[in-house]
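Structure assessment
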Amino acid sequence: MGSSIEKKMIEFMRPLFGDMARKTIENQKEKLKLTKGELTHDQYIQIIKSIRTLCYKMAGGPVADKLEAGLMQILDAERS
């Protein structure tokens, strides 16, 4: 997994988060203490859930749900 997933996640998040997309992922990784080594599928799910919660607080449920679904689709596509 790794950087390919994160690049795709950043590009997907860019319309909503702008230049803060990368920093948002980094902040959530730090918050969840997931900063060392290659991340697992389950760890990426934790990050996505954390980003969803953040987005829910900023933009509400429908936007947060759409963001979560898109990020999960990216993650699932990389797993296949």
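Residues numbered from 1 in each chain as written. Predicted model: local features only at pLDDT ≥ 70, side-chain atom pairs only at ≥ 80, totals over all residues. Heavy atoms only, no water.

The helix and strand inventory of the protein chain stands at four helices and zero strands. Counting from the amino terminus, the protein chain carries its helices and strands in the arrangement α-α-α-α. By the compact-globule yardstick of 12 Å for 80 residues, the protein chain fits well, its C-alpha radius of gyration being 12 Å. Counting only C-alpha atoms, the protein chain reaches 30 × 25 × 20 Å along its principal axes. Taken across its 80 residues, the protein chain has 38% of its residues classed as buried. Long-range contacts, defined as pairs at least 24 residues apart, comprise 56% of the intrachain contacts of the protein chain with a sequence gap of at least 6. (Helix = DSSP H or I, 4+ residues; strand = E, 2+ residues; numbered from the N terminus. Rg over C-alpha atoms; globule rule 2.2 N^0.38 Å. Buried < 20%, exposed > 50% of the residue type's maximum accessible area, 1.4 Å probe, protein only. Contact = heavy atoms within 4.5 Å.)

Two elements in contact, helix α3 (residues 41–59) and helix α4 (residues 61–79), have axes separated by 8 Å at closest approach and are oriented at 165°. Compared by their axis directions, α3 and α4 come out roughly antiparallel. Crossing angle aside, the handedness with which α3 passes α4 is right-handed. Where α3 abuts α4, its residues H41, Y44, I45, I48, K49, I51, R52, C55, Y56 and A59 lie against G61, V63, A64, D65, L67, E68, L71, M72, L75, D76 and R79. Taken together, the residues of the contact of α3 with α4 break down into 13 nonpolar, two polar and six charged. (Axes fitted to C-alpha atoms, helices over the stretch in contact; angles between N-to-C directions. Parallel < 35°, antiparallel > 145°, perpendicular 65-115°, else oblique. Left-handed = near helix turned anticlockwise from the far one by under 90°. Nonpolar A, V, L, I, M, F, W, Y, C, P; charged D, E, K, R; others polar.)

A few words now on unusual backbone geometry. Notably, K33 is not glycine yet its phi reads approximately 60°, a positive angle. Inspection of the secondary structure assignment puts K33 in the loop between α2 (21–31) and α3. In this structure K33 comes out as exposed when scored by relative accessible area, which is 72%.

At a closest axis distance of 7 Å, the pairing of helix α1 (residues 3–17) and α2 adopts a crossing angle of 115°. The way α1 lies across α2 gives a crossing that is right-handed. Across the interface between the two elements, E6, M9, I10, M13, R14 and F17 of α1 pack against A21, R22, T24, I25 and K29 of α2. Residue composition of the contact of α1 with α2, by class: six nonpolar, one polar and four charged.

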